[in-house]
Structure formats: structure tokens, C-alpha cells
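# Fold and geometry: a report
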Amino acid sequence: MQWTWYISVLLWLIVANSCLAQQTADTAANEKTKQILKYITELPLQGKVLSGQFAGYSPDTFNTNQIDEITRQTGQIPAILGCDYACGWNYKASPHFIIDYSCNPSLIDHWNNGGLVTVNIHLPNPASPNGGGYKDRMNLNFADLINSNTDTGKRWILFLDRMAQGLDNLQRAGVTVLFRPLHEMNGDWFYWCNQDSEVFKNVWRHMFNYLTYTKQLHNILWVYSPDQSRRSPSSYYPGDSYVDIVALDVYTDDPNSMNGYNEMLNLNKPFALGEVGPSTTNGQFDYNRWITTIQSRFPRVAYFLAWNDGWSPIRNQNAYTFFNHQRVINRGKININDNTTPSGSTILYNFFNGIGEWRGSNIIGGPWQSDEFIFQSTNSLKMDIQLTQSGHYMLYTQQKPTFKVNGHKRLIAQARVASWGFANNGIITAKLYIKAGSSWKWYDSGSFQLKSNTATEIALNLNQIPAAELNDIREIGMEYTSSANGGQTSVYLSYIIVE
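Residues numbered from 1 in each chain as written. Predicted model: local features only at pLDDT ≥ 70, side-chain atom pairs only at ≥ 80, totals over all residues. Heavy atoms only, no water.

## So, the domain arrangement of the protein chain
We note that the domain assignment places domain 1 (31-329) and domain 2 (346-498) within the protein chain. Relative placement of domain 1 and domain 2: their C-alpha centres are 41 Å apart. (Domains from an automatic or database assignment.)

## Examining the pattern of salt bridges
Pairing is possible between side chains of opposite charge, provided their charged atoms come close. Scanning all chains against the criterion turns up 14 salt bridges. The partner of Glu42 in a salt bridge is Lys38, with the nearest N and O atoms 2.8 Å apart. Linking Glu42 with Lys38, this pair stays in helix 2 (residues 31-42), spanning four residues, or about one helical turn. Overall, Glu42 belongs to the buried group, its relative accessible area being 8%. (Salt bridge = Lys/Arg side-chain N within 4 Å of Asp/Glu carboxyl O. Helix = DSSP H or I, 4+ residues; strand = E, 2+ residues; numbered from the N terminus. Buried < 20%, exposed > 50% of the residue type's maximum accessible area, 1.4 Å probe, protein only.)

## What to know about the side chain of Gln66
Examined against the element boundaries, Gln66 turns out to sit in helix 3 (residues 65-74). Taking the relative accessible area as the measure of exposure, Gln66 reaches 11% and is therefore buried. Aside from chain neighbours lying at most four places away, what touches Gln66 is Gln53, Asn308, Asp309, Ser312, Ile314 and Arg315. (Contact = heavy atoms within 4.5 Å.)

## Describing the side chain of Lys201
With respect to the secondary-structure elements, Lys201 resides in helix 6 (residues 197-214). Classification of Lys201 by relative accessible area gives buried; the value is 14%. Engagement of the side chain of Lys201 in a polar contact is seen with the side chain of Glu198, the distance being 3.1 Å. When near neighbours in sequence (up to four residues on either side) are disregarded, Lys201 contacts Ser235, Tyr236, Tyr237 and Pro238. (Polar contact = N/O pair within 3.5 Å; in protein donor to acceptor, adjacent residues only side chain to side chain.)

## A short note on helix 3
Along an α-helix, residues three or four apart share an orientation, since each turn contains 3.6 residues. Among the residues making up helix 3, those that are buried are Gln66, Ile67, Glu69, Ile70 and Thr74. What you see down the axis of helix 3 is that its buried residues fit within an arc of 160°, all on one side. Against strand 2 (52-57), strand 3 (80-87) and helix 9 (319-323) lie the buried residues of helix 3. Two residues or fewer after helix 3 comes Gly75, characterised by a positive phi angle close to 75°. (Arc of directions from axis to C-beta.)

## Observations regarding the packing of aromatic side chains
One pass over the structure, following the stated rule, counts 30 aromatic pairs. On the numbers, 5.2 Å between centres and 85° between planes, the contact of Tyr349 with Trp358 is edge-to-face. Trp358 carries the same exposure label as Tyr349, and that label is buried. Taken together, Phe142, Phe179, Phe200, Trp204, Phe208, Tyr213, Trp222, Tyr224, Tyr236, Tyr237 and Tyr242 form an aromatic cluster joined through their ring pairs. In this arrangement the basic side chain of Arg416 is found over the ring face of Tyr492, its NZ or CZ atom lying 4.9 Å from the centre. (Phe/Tyr/Trp six-rings, centres within 6.5 Å; stacked < 30°, edge-to-face > 60°. Lys NZ or Arg CZ within 6 Å of the ring centre and 35° of its normal.)

Below is the structure:
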């Protein structure tokens, strides 16, 4: 049993490392898009999952009413806002105008307030000169989509051009898009479903190349999202060079029954739930079942997008506890920016599962796990202290790290102080330290003044410590020092890495 556990962990790390090393499918993707892919890739390793909510089809049904209702009921705003650019059941003499991106202002506002966005697209059938037919094959020859000599192929290019207008509008606003076209292709309900797999792959590749290179869209993360209820979800996969994220669409009353998870993981891409909802829409589904199942059976899920109306959390049970679960990241807790984990770094402590064996000294409360200071979407340690002149306060652990730091250059931590309790122009400084060897010799980073409105990075140079002592670390900690008397305040420690 013990060997089985070790082998499972080893396999997890091998797959995780292969995902962490990947690049965006678009090699010219802008820097923010690359950062977001890296962020999404790392979330399962931190025990976190992004929340998401679909808000409707543009322009017919799209609105943010359910987002507002989620906020009223739960106090949270979903991390990801979803819109569909096409009501493929509608009819127009120029069917490419069925594609509508009037939801973009809402997506841009969500982005500007710290959220992420996703775009789906239920396209009309390009074989029809008048639109409609998104669930009707009509006389469609699917290969004609990439044959510009056919009427179908000419309409398809107009579809792509219209999509590109909406996506470029987002690109000009600085927005990265999780783009999920031609979803559920292994089903049998849309005209693009159950097509010849090689033809489907060619259509996907043509769409990727046209939007990426012809239309110069470099703000897209491409999401391949088959349906879990049908066999062989990977059989239409167009290749690593054309996909950033793989997903499954899952409508079920029993999340434990999700099919295709391992098959999708074998593609070595970040994994998500492209659409989520109960199969029975009677308002009785307990959304907490998804979180417990993700934790116990599907830990590689990086984000989910709940469908709207009767499938959404607020139309079912336990929306509050679902959105407020410690694993779930909502808007306002996303931390991407430029401070992602550097290449070649390893996370030692990020406190997403509690405080472990960390302790405090000279404190009046704590340490506790806290979400008052979030770094890299992970929690922090918090302790309360009474400010005194030249007071020293410690957060530390004597649990030996399982990762060997010997051979690495720096130990890095993030620290912060609360804004309250100070008097007499007092400040707080902090030192990251290691005690090593049989004599518990002290090595530290030197003092850094902490801020209340942002993280302070504190780095300890490991080259100053003899290799033998690095192999015998007795204690890792942060020493906080106050300069003056004052009231009570709080200090925080988060995200300790070695590089």
C-alpha cells in the first residue's frame, strides 16, 4: 500500500512537471496570455480551482443578472465570466451577422476588475445561406469548411472574420480569452459533432492558423472540450501545437461518475471543466458534491464553468458554501501579474491546507491560516502581536522540509503587515532565516521593511550556508521586529519557495 502511494505521487509529479514546462500553442502569444496559462497550470498543485459562470448567448440572453445574484447570495463574484458569441438557431440572410460580440463590454469590465473571461460559440450551420441549423447537418460536407471554392467554405471564412472582430476587440482592451470552439465534438447533437476525426482536426487547425496568423490574434488560450458522456473524448484532439487547455463538459447528478478524466490527463495539458451542471434541473443538486469530488477523485481540475439558469449553483443547493470553499478562487483573489513562480523554483510552503507544524512566539494570537493576504492565489499564515519597542516575534517550523534545498541559490518568502496598531512612526521589519546543523547556526536574509498594501519579497542567499548544513536544516522561519510601542497588529507570511 505504501509503495502504491509513492508511485502515485511520483506519477503525479512527472505529469505535473510536463504540464508546467509547456508553452502556449501560439508561440507569439502576448505576455499576459502566457502568464495566465502558467497560472492556470499551477493551480492544481496549490490545491485551488477557479470558479466560473456562463452568463448567456449574445445578444439574445446574455446578461449579468445571475452574476449579481451569486454576489448577493454568496458574497463572491465568479473568477471566470462566460459568454457565447452565437445563437446558432437564429436566421439571417447574411448568417455571419448571427455572430454577435455585444457582450464584450461586460467581459472587459469583468477583466478590468480582476477576473478572467471565456468565449464559447454555437455557430449556425455554414451550409445554410440563411443561418440556423446548429443542430442540423442539412447537406453539410464538413470538409467544405476549409475549401474556399465552396459556398460553405466562403461562409465559414466570414464566420471566422466575424469571430476575429470580437476577439480583436478584446485583444485591444488587453483581455486574454479562454476560447472554447467546436465543443462536445464527440457527441451527436451539433452539426460539428461525430464528424470524421481527421477532417475535424483539419478544420480546427485551419481555424487556429487563420485566427492566430492571418488575423494576428495573440490573446487566445485554446480550449479543447469534448463531452464526458460519449466515448473517446481525445479522438478529435488536433495536436499539442493547437491546444492550450483540455476540458470535459459534464452534466451529471453524480460527479463521481465523470468519464474520460484519465484519458484527458494523458494529453499532458492543464485540465478544466468546460461546462458543468446537473443532469436533473429540479433545483435539488448539491454543488458541494463537485468540490468534494474534485478533492478526492479529480484533483487536476484547474477551473470550472457552471452553466446558467437551472444548471447554475444559485438555482440549486449550497451555492454559498460552494463559492466560499477554501479550494475555490473567486474574482478578487486571482493573483497573476508578473510574480508567478519562476522557472526552476519549487514551492516549499503555501499554506493552502492549513498551518501544518508552524508555530509562533511572543504573540497574542495565532498562527492561523488566513485569506487576508493572498499571494499566488494561496493563503498565508497570520499572527497577532502587541507592538513594543524593539519587540521580536517569530513564525517558524522545525519540521524538516521534504525537498532538499542543497544545490539551490535562494530561499524566498512573501511577507506583509496589517495597517492598524502603529504609533510613534513605528515600522515592522522582517528577516527570513534558517537554523542549520547540530549547533543550530543562524543564517538570515537581513532586514526588510514591510508594507501593509503589498507583499514584500524577502530572499535568503543559500550560497552562504555550507552544503553539510543545508542537508541538516533544523528550523525555517521569519523574525519580525517592531521599532516602537503601539497597539495590536497582525503580520503575515506566505508562499515560501526555493530557487
